[in-house]
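Chains, contacts and geometry: an overview
Here is what each chain is made of, one letter per residue.
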Amino acid sequence: MDAPEETAVTPGLLRGMPLPQPDGDGDKESRGRVLVVAGSVGVPGGALLAGLGALRSGAGKLQIATVAGIAPHLGLALPEALVVGLPETPDGGIAASSAVMLADRASRCETVLIGPGMVEEAATATLVADLLARLGPAAEGGPRFVLDAAALAGLARDPAPLHRHEGRLVVTPHAGEMAGLLGCGRSEVDADPLDCARRAAARLKAVVALKGSCTRIVSPDGRAWAYRDGTVGLATSGSGDTLAGIVAGLLARGAGPEQAAIWGVYLHGEAGNRLSRRIGPLGFLARELLAEIPAAMAALAEGGTG
């Protein structure tokens, strides 16, 4: 019998790929550091949601690098994080020149997440390419990466900066961003999302989590998983930022890119299911998803369904 095109993401699947767990003597250093490069003057909340996602999924330490104008406010809103202010563009985004000061900080972290709340695609594309070039490749033990939202824009033109980090990458596009990555129409992605995710994973040499009512997770070699059990309420502002943060936190704990993406998608969806059962299928907020993540992880570890 032929193998299925997609493997369903279920509690049973996740129990067969348990997350790395700290031992009783472990401290926050043992659960890894996450650097979130995110936010803008107009969309400061993306950095907040992504940072919280990383902590709620179990990362030990969090740093956020964002535009200087919002850094003090973000530090007060998220006292668990070290917050660094970066040079701003005239329109309130993170300047491309920030890659120089980010490189050393990123090299001392297990995971770097770039993109949530960043609104200037050209500057972000330049920053991403420069930062990837400055950091050591996988063979030298460089950090793992999650690229989301505006951080994906420049990859359509030139994915080469990603290739030296093969085996350490997760990208989290929605259908519109996937169309941009492949240079095709949104209708083509909607017609065959699995094929598009496979093409992108092979081209970028990264694990792809193509978000949607059914989210596909695809590895560069074409293996695919599908999560179909989410709720319509997940389609809300900021939801993707939380997912990217959750995946980054799992990577920092030591999960591999495929494992982190599969677990992250499930935990994000299960958080929505829990809120749907408690308060209704529509109207919950992206920030409310985050408090549900620890219990969903614990339920799986205890043999429940999440």
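Check the entry above for the structure.
Residues numbered from 1 in each chain as written. Predicted model: local features only at pLDDT ≥ 70, side-chain atom pairs only at ≥ 80, totals over all residues. Heavy atoms only, no water.

1. Topic: the side chain of Lys211
Selection criterion: Numbered from the N terminus, helices here are DSSP runs of H or I no shorter than four residues, and strands are runs of E no shorter than two. A 3.5 Å cut-off defines polar contacts: any pair of N or O atoms within that distance qualifies, except that in protein one atom must be a possible hydrogen donor and the other a possible acceptor, and neighbouring residues in sequence count only when both atoms are side-chain atoms. Here, two residues are considered to be in contact whenever any of their heavy atoms come within 4.5 Å of each other.
Position of Lys211 among the secondary structure elements: in the loop between β8 (207-210) and β9 (215-218). In terms of polar contacts, Lys211 uses its side chain to reach the backbone carbonyl oxygen of Thr172, at 3.1 Å. Setting aside its immediate chain neighbours within four residues, Lys211 contacts Asp148, Thr172, Pro173, His174, Ala175, Gly240 and Leu243.

2. Concerning the packing of helix α7 (residues 175-182) against helix α9 (residues 193-204)
As a reminder of what qualifies: Lines are fitted to the C-alpha atoms to define the axes, a helix being fitted only along its stretch in contact, and any angle between axes, read from their N-to-C directions, falls within 0 to 180 degrees. Note on angle classes: values under 35 degrees are labelled roughly parallel, values over 145 roughly antiparallel, values of 65 to 115 roughly perpendicular, and the remainder oblique. Note on convention: near helix rotated counterclockwise from far helix by under a right angle means a left-handed crossing. Clockwise means right-handed. Ten residues, namely Ala, Val, Leu, Ile, Met, Phe, Trp, Tyr, Cys and Pro, are considered nonpolar, four, namely Asp, Glu, Lys and Arg, are considered charged, and the remaining ones, Gly among them, are considered polar.
Where α7 meets α9, the closest approach of the two axes is 10 Å, and the angle between their N-to-C directions is 50°. The angle between the axes of α7 and α9 places the two elements in the oblique class. As α7 packs across α9, the resulting crossing turns out to be left-handed. For the pair α7 and α9, contact is made by Met178, Leu181 and Leu182 and by Cys196, Ala197, Arg199, Ala200, Arg203 and Leu204, respectively. Of the residues assigned to the contact of α7 with α9, the class counts are seven nonpolar, no polar and two charged.

3. Thoughts on unusual backbone geometry
In this structure, Ala149 takes a positive phi of about 55° despite not being glycine. The phi angle at Lys205 is positive, at roughly 60°, despite the residue not being glycine. Inspection of the secondary structure assignment puts Lys205 in the loop between α9 and β8.

4. Topic: the pairing of strand β2 (residues 33-37)
The criterion, for reference: Between buried and exposed lies partly exposed: a residue is buried under 20% and exposed over 50% of the maximum accessible area for its type, with that area taken using a 1.4 Å probe on protein chains only. Crossover handedness is defined by viewing with both strands directed away from the observer: a clockwise path from the first strand over the helix to the second marks the crossover as right-handed. By definition, two strands form a pair when at least two bridges between them are found by DSSP.
Burial analysis of β2 places four of its five residues in the buried class, the great majority of the element. Once the chain exits β2 it traverses helix α2 (residues 45-56) before rejoining the sheet at strand β3 (residues 61-67), and the crossover so formed is right-handed. One ladder, built from four bridges, connects β2 with strand β5 (residues 111-114); its direction is parallel. Within the sheet, the bridge partner assigned to Val37 lies in β5 and is Ile114.

5. Some words on the packing of aromatic side chains
Note the threshold: Note on ring pairs: Phe, Tyr and Trp rings are taken, using the six-membered ring of Trp, and paired if centres are within 6.5 Å. Classes follow the plane angle, with under 30 degrees stacked, over 60 edge-to-face and the rest tilted.
Under the criterion given, the structure shown has one aromatic pair. Judged by centre distance (5.8 Å) and plane angle (75°), the rings of Tyr227 and Tyr266 are edge-to-face. In this pair, Tyr227 sits in strand β10 (residues 224-227) while Tyr266 sits in helix α11 (residues 257-279), placing the two residues 39 residues apart along the sequence. You can call Tyr227 buried: its relative accessible area is 4%. A relative accessible area of 3% places Tyr266 in the buried class.

6. Structural notes on the side chain of Glu6
Residue placement: Glu6 occurs in the segment before β1 (7-8). At a separation of 2.7 Å, a polar atom in the side chain of Glu6 contacts the side chain of Arg228.

7. Re the sheet that holds β8
To summarise the sheet geometry, strands pair through backbone hydrogen bonds and adopt either a parallel or an antiparallel arrangement. Judged by pairing direction, the sheet is mixed, and its 10 strands sit side by side in the order β1-β10-β9-β8-β7-β6-β5-β2-β3-β4 without closing on themselves. Each end of this open sheet is capped by a strand with a single partner; those strands are β1 and β4 (82-86). Relative to β10, β1 runs parallel, the two being bridged by two bridges. Residue pairing in the sheet places Ala8 in a bridge with Ala226 of β10. Along the sheet, helix α4 (residues 99-107) makes contact with β2, β3, β4 and β5, crossing β4 at roughly 160°.

8. Some thoughts on the pairing of strand β6 (residues 144-147)
Burial along β6 is two-sided: the residues Arg144 and Val146 and Phe145 and Leu147 are all buried. In this sheet, β6 lies alongside β5 in parallel orientation, the contact comprising four bridges. Within β6, the residue paired with Val112 across the bridge is Phe145. Summarising the sheet, β6 and strand β7 (residues 169-171) pair through three bridges and their orientation is parallel. Across the sheet, residue Phe145 finds its bridge partner in β7, namely Leu169.

9. Comments concerning α9
Because each turn of an α-helix spans 3.6 residues, side chains separated by three or four positions in sequence point in the same direction. How we decide: For a helix, the expected span equals 1.5 Å multiplied by the number of residues minus one. Throughout, the arc means the angular range of directions from the helix axis out to the C-beta atoms.
With 12 residues, α9 extends 16 Å from end C-alpha to end C-alpha; this agrees with the ideal 16 Å at 1.5 Å per step. Residues of α9 that are buried include every one of Pro193, Leu194, Cys196, Ala197, Ala200, Ala201 and Leu204, and no others. Looking straight down α9, one finds that the buried residues subtend no more than 160° of arc, so they occupy a single side. Positive phi shows up at Lys205, right after α9, with a value of about 60°.

10. Comments concerning the pattern of salt bridges
Counted only if it meets this: The salt bridge definition used is simple: a Lys or Arg side-chain nitrogen within 4 Å of an Asp or Glu carboxyl oxygen.
Inspection of every chain in the model, using the stated rule, returns 14 salt bridges. For Asp190, the salt bridge identified is with Arg186, shortest N-O distance 3.2 Å. One end of the pair is Asp190 and the other is Arg186, both in helix α8 (residues 186-191) and four residues apart, which spans about a single turn. For Asp190, a relative accessible area of 47% translates into the label partly exposed. Note that Asp221 and Arg223 form a salt bridge whose closest N and O atoms lie 3.0 Å from each other. Looking at Asp221, the relative accessible area reads 55%, which means it is exposed. Given the relative accessible area of 39%, Arg223 is considered partly exposed. Via salt bridges that share partners, Glu6, Arg216 and Arg228 belong to a single interconnected network.

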